[in-house]
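The chain contents come next:
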Amino acid sequence: MWKKVLIAVICLLSSLSVSYMYFKDDNHNLSASTNKYNAGGNITGRINIAPSNLNVNNLEYQKGDQILLGSINPELNEPIVLQLMKKTTYTNYNCSVAPSKGNLANFKNTCTQPEAITGWLALTTKSVAHPTTGIEMTDYINGFAAYNLSNLCVEMAQLNDMIKNNQRDYRIMTYPNLGEIVTYLETGAANTSNIPATYSVINELYNKRGLYVHSAHFTTNILQSPKDLAFYEKAWTGTFYVEPRTTGKYINAYVSEDGTSPRYLSQTEHTGLEETGLQYALRPFADVDVRKVVFSVSAGTDAGVGIVNIPTLASDYTALYRDSVGSPMKLRIENEELTNTTVLNRIENKSNAAVNKVIANRTVYLDAYAQSGEERLSGEDDSVGIYTVSALIFNEDGDFVYYKPLETAKGNAKYALDLTGIPAGNYKIGIVNEAYNENSTAP
């Protein structure tokens, strides 16, 4: 299991042509170096912030990309994975007071922050629990259960405690878009019903960051489609049932396997929940801000070079969770101190001569400065990330094609880059100084 990590940013790029017909003299054959990092093989990768001197293709995160958290899925005992669904920019967030019936328009106008957030709505790719509602019969009103009395609320509180304790995860969490929630409450029957209790769920998230179960993102047609919400099983969602015979309290509804949402449980089904132990998946969402992420790659499978595959969602997908491509990626967030101190000067051979061509499957040396040290990683253990120089390699078209950790950062030095596995061609090489820890999945 991975632990936690931190990274710097791409620095100066140098060009290198790899060929099969350069350096005829055996004295110039460069010896291979030993790589102790298990970051090679076919990996998924994405550049989010490009170097200033290079145009990068497929830049920035896209719908369907999967990102890793360091927090562990309590049901599966593996890192939680979030799948990006929709990117929006908004200023209605982190309000000082919760919305209430009768002040929605005023709330929307006054709950405005000076700095806009660009956040991604994301859903977990797997269930994190299978709770029942956990409501006693005496708690029902006309057969419908209040959200804040359900096991959904209990499970979410426990998950968010875990997220907050893992500070690496928590720093990419951002505030939800209250403008969308208010828009939902202003429309349809929700605006005319007697719904004082509907705000109990909103009060759980209006000024908080973390994982949530909430209806606004699911039930408003302009937000999502069934193919985005389709899942391999039914999944609980918190929403409120609106019709004249009810008080409008939140009930436990669910998203069907085909993504249609919400499906309200009948009064008979609710009445029998405790007896039947009705359990659906808990598949929470989060709003995440990845603007400071430089790049991300998935876990490697061997000690060679990482061959990067860029995830691309087909336009004719039918279920987002199933049809997206690539593996979950670990995010590398910029550390400005390391960014400002990392410099790549030139590429050299073993004789310390500058080169821009080299025989394939040999080793070159990157003359660079990278600050040495380590980063204490937050969480439940005392693990650290060791500052490590890694190479990010682009082809002449601007595609991110290879990734490879090289050596522990050691100030002004020559860092060996073994080119084994990289075919003939023209490339640009960038370096990062990252707090490397293969046992971490956290941003």
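So, how was this worked out
Residues numbered from 1 in each chain as written. Predicted model: local features only at pLDDT ≥ 70, side-chain atom pairs only at ≥ 80, totals over all residues. Heavy atoms only, no water. Helix = DSSP H or I, 4+ residues; strand = E, 2+ residues; numbered from the N terminus. Polar contact = N/O pair within 3.5 Å; in protein donor to acceptor, adjacent residues only side chain to side chain. Contact = heavy atoms within 4.5 Å. Pairing = 2+ DSSP bridges. Core = buried A, V, L, I, M, F, W, Y, C linked by side-chain atoms within 4.5 Å. Buried < 20%, exposed > 50% of the residue type's maximum accessible area, 1.4 Å probe, protein only. Salt bridge = Lys/Arg side-chain N within 4 Å of Asp/Glu carboxyl O. Disulfide = S-S within 2.5 Å. Axes fitted to C-alpha atoms, helices over the stretch in contact; angles between N-to-C directions. Expected span 1.5 Å × (residues − 1). Arc of directions from axis to C-beta. pLDDT = per-residue confidence, 0-100.

Caption draft 1: Representation of the side chain of Asn92 within the structure. Relative to the assigned elements, Asn92 resides in the loop between strand 4 (78–90) and helix 1 (104–110). In terms of polar contacts, Asn92 uses its side chain to reach the backbone carbonyl oxygen of Cys111, at 2.6 Å. A polar side-chain atom of Asn92 sits 3.4 Å from a polar atom in the side chain of Thr112. In this structure, Asn92 is in contact with Lys108, Cys111, Thr112, Pro176, Asn177, Leu178 and Gly179, ignoring residues within four places of it in sequence.

Caption draft 2: A look at the sheet that holds strand 10 (residues 285–288). The five strands are arranged 3-4-5-10-6 in an open sheet whose pairing can be described as antiparallel. Across the chains shown, the open sheet's two edge strands, defined by having one partner strand only, are strand 3 (66–73) and strand 6 (211–212). Note: strand 4 against strand 5 (residues 117–124), eight bridges, orientation antiparallel. Counterpart to Thr89 in the pairing with strand 5 is Thr118.

Caption draft 3: Spatial organisation of the nonpolar core. Ranked by internal contacts, the top residues of the largest apolar core, which has 29 residues, are Tyr61, Leu82, Met173, Leu211 and Val288. Of all the elements in the fold, those that place two or more residues in this core are strand 3, strand 4, strand 5, helix 2 (151–165), strand 10 and strand 13 (330–333). Ranked by residue count, the leading element in this core is helix 2, at four residues. Apart from residues no more than four positions distant in its own chain, Leu211 is found in contact with Leu82, Met156, Leu159, Asn160, Ile163, Met173, Pro284, Phe285 and Ala286. By size, the runner-up hydrophobic cluster in this structure holds 27 residues, among which are Val389, Leu406, Leu417 and Ile431.

Caption draft 4: Structural detail: the pattern of salt bridges. One pass over the structure, following the stated rule, counts 12 salt bridges. Lys63 serves as the salt-bridge partner of Asp228, at 3.1 Å between the closest nitrogen and oxygen. With Asp228 in helix 7 (residues 226–229) and Lys63 in the loop between strand 2 (41–47) and strand 3, the pair connects residues that are 165 residues apart, well separated along the chain. A salt bridge links Lys234 to Glu257, with the shortest nitrogen-to-oxygen separation between them at 3.7 Å. Of this pair, Lys234 sits in the loop between helix 7 and strand 7 (235–240) while Glu257 sits in the loop between strand 8 (250–255) and helix 8 (267–271), and the two are 23 residues apart along the sequence. Taking the relative accessible area as the measure of exposure, Lys234 reaches 27% and is therefore partly exposed. Sharing partners across several salt bridges, the network here consists of Arg346, Glu348 and Lys414.

Caption draft 5: Main features of the state of the cysteines. Tallied over the entire structure, the rule returns one disulfide. Across the disulfide from Cys95 sits Cys111; the S-S distance is 1.6 Å. Note on the Cys95 and Cys111 pair: the S-S dihedral is about -70°, so by sign convention the disulfide is left-handed. Separated by 16 residues along the polypeptide, Cys95 in the loop between strand 4 and helix 1 and Cys111 in the loop between helix 1 and strand 5 bring together distant segments of the chain. Of the two residues examined, Cys95 and Cys111, each falls in the buried class.

Caption draft 6: Inspection of the sheet that holds strand 14 (residues 343–348) at higher detail. In space, the three strands of this open sheet follow the order 14-16-20, with antiparallel pairing throughout. Among the strands making up the open sheet, the edge pair consists of strand 14 and strand 20 (411–418). Each strand axis lies, on average, 25° off the axis of its neighbour in the sheet, ignoring direction. Note: strand 16 (residues 363–370) against strand 20, eight bridges, orientation antiparallel. Note on strand 20: the bridge partner recorded for Asp367 is Lys414.

Caption draft 7: Representation of helix 2 within the structure. With 15 residues, helix 2 should cover 21 Å at 1.5 Å per step; its first-to-last C-alpha distance of 21 Å lies within 8% of that length. All of the buried residues in helix 2 are Leu152, Cys153, Met156, Leu159, Asn160 and Ile163. Around the axis of helix 2, the buried residues are gathered within 125° of arc, so they sit on the same side. Counted as exposed and oriented over 90 degrees from the buried face of helix 2: Gln158 and Asn165.

Caption draft 8: Quick peek at unusual backbone geometry. The backbone phi angle of Glu60 is positive, close to 75°, even though this residue is not glycine. Topologically, Glu60 is positioned in the loop between strand 2 and strand 3. For Asn361, which is not a glycine, the phi torsion comes out positive at approximately 65°. Locating Asn361 in the fold gives a position in the loop between strand 15 (357–359) and strand 16.

Caption draft 9: Quick look at the pairing of strand 19 (residues 400–408). Most of strand 19 sits out of view: eight of its nine residues are buried. Pairing of strand 18 (residues 384–395) with strand 19 involves seven bridges; the strand directions are antiparallel. For Leu392, the partnering residue across the bridge sits in strand 19 and is Tyr403. Hairpin connection of strand 18 to strand 19: four residues between the antiparallel strands, including Gly398 at a positive phi of 95°.

Caption draft 10: Structural detail: the confidence of the model for the protein. In this model, the protein carries an average pLDDT of 78, and 71% of its residues clear a pLDDT of 70 or more. The model gives residues 217–223 a pLDDT under 50, and that stretch makes 20 contacts with residues more than four places away or in other chains. Contacts from residues 241–246, a stretch scored under 50 in pLDDT, to residues over four places away or in other chains number 15 contacts.

Caption draft 11: Layout of the pairing of strand 18. Among the 12 residues that make up strand 18, 11 are buried, leaving the element largely enclosed by the rest of the structure. In terms of strand pairing, strand 17 (residues 374–376) meets strand 18 through three bridges, oriented antiparallel. When the sheet's bridge partners are listed, Glu375 is paired in strand 18 with Gly385. Sheet analysis places strand 18 next to strand 21 (residues 425–436), joined by 10 bridges and oriented antiparallel. Residue pairing in the sheet places Asn395 in a bridge with Tyr427 of strand 21.

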